[in-house]
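Residue-level structure breakdown
Residue strings, one per chain:
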Amino acid sequence: MTPLEEWYYELPIVTRTYITLVFIETIACQLDLVQTFQLHFSYDLVFKGHQYWRLLTSFLYFGGLSIDFIFHMFFLVRYSRTLEDGYFRGRSVDFAWMLLLSMAAIVTVTPIVAPKANSIPFLSSPLTFTLIYLWSRKNPHMRMQFFGLFVITAAYLPWVFLGFSLIIHGVWPTGDLVGLMVGHTYYFLDDVWPRGGGTLVGGVRVERPRIVRSTKLY
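Fair warning: this is a prediction, and the values are worked out from it, not measured in the lab.

With respect to the environment of Ile19
Structurally, Ile19 is set in helix α2 (residues 13-30). Under the relative-accessibility criterion, Ile19 is labelled buried at 4%. C-alpha separation for the pair Ile19 and Ser80, spaced 61 residues apart in sequence, amounts to 9.8 Å. Excluding its chain neighbours within four sequence positions, the residues that come into contact with Ile19 are Met73, Leu76 and Val77.

Encoded structure:
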């Protein structure tokens, strides 16, 4: 196999599946096989127009093939892979369940914090930010270089990204804030609350339901 093939097949299964779907949708758009207006998230089109595929496709588009797309892929692969191979090691189904819960939360929160139609047309960036936030909370003391400019601890990484996005784009990064909110909620329910002896109403937590607990991904 070529080095690229080896790298691809070394990715954990959930991360590999997500990346594959992202590239399929991106190439389909690049070749004009499908138009982006058919894929973006719209509350009215999904829940009133019954175009339910948008609940998935809006998480798979990061823009056309460009330098910006490469940067998005770098961060997505890096933090998705390290989470699935690290905190969720041997528990890929739990990782997939976390992604599904995060996607559902992002779909729920986005129309509330950004009620203007199409203000956050694609939800891929908020989901990536959720992964970045969770990784930073699971590795809070890790020291890292930010683009080789300065050294920070991982706990501050989401906030550095927020500031960087604000400087580069000149607009408030609402989508990233949605991802941060969702990531913090998951972290609190999965980590902080149980360690404090808390239980949710009815004993419900963020664990995957029993019907899929016996499921294994290879």
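Quick look at helix α5 (residues 67-85)
For α5, spanning 19 residues, the distance from its first C-alpha to its last is 27 Å, which sits close to the expected 27 Å at 1.5 Å a residue. Of the residues making up α5, those classed as buried are Phe69, Met73, Phe75, Leu76, Val77, Tyr79, Ser80, Leu83 and Glu84.

Some words on the packing of aromatic side chains
Evaluated as defined, the whole model comprises ten aromatic pairs. Between the aromatic rings of Tyr87 and Phe88, the centroid separation amounts to 4.9 Å while the plane-to-plane angle is 90°, which identifies the pairing as edge-to-face. Judged by its relative accessible area of 31%, Tyr87 falls in the partly exposed class. Judged by relative accessible area, Phe88 falls into the buried class, the value being 2%. Among the aromatic residues, those joined into a ring-pair cluster are Phe74, Phe75, Tyr79, Trp135 and Phe161. Across the ring face of Tyr87, the terminal group of Arg91 is positioned such that the distance to the ring centre comes to 5.2 Å. Here the basic side chain of Lys138 rests over the ring of Tyr87, its NZ or CZ set 3.8 Å away from the ring centre.

A look at the nonpolar core
Ranked by size, the top nonpolar core spans 47 residues in total, and within it Tyr18, Phe59, Tyr79, Phe95, Met98 and Leu157 carry the most contacts. Those elements that provide at least two residues to this core are α2, α5, α6 (92-113), α7 (124-138), α8 (157-169) and α9 (174-195). Discounting chain neighbours no more than four positions away, the residues touching Met98 are Phe88, Leu131, Leu134 and Tyr186. Counting six residues, the second largest nonpolar core, distinct from the first, contains Ala28, Cys29, Tyr61 and Phe122.

Cut-off values and rules
Residues numbered from 1 in each chain as written. Predicted model: local features only at pLDDT ≥ 70, side-chain atom pairs only at ≥ 80, totals over all residues. Heavy atoms only, no water. Helix = DSSP H or I, 4+ residues; strand = E, 2+ residues; numbered from the N terminus. Buried < 20%, exposed > 50% of the residue type's maximum accessible area, 1.4 Å probe, protein only. Contact = heavy atoms within 4.5 Å. Expected span 1.5 Å × (residues − 1). Phe/Tyr/Trp six-rings, centres within 6.5 Å; stacked < 30°, edge-to-face > 60°. Lys NZ or Arg CZ within 6 Å of the ring centre and 35° of its normal. Core = buried A, V, L, I, M, F, W, Y, C linked by side-chain atoms within 4.5 Å.

Shape is all these values report; function is a separate question.
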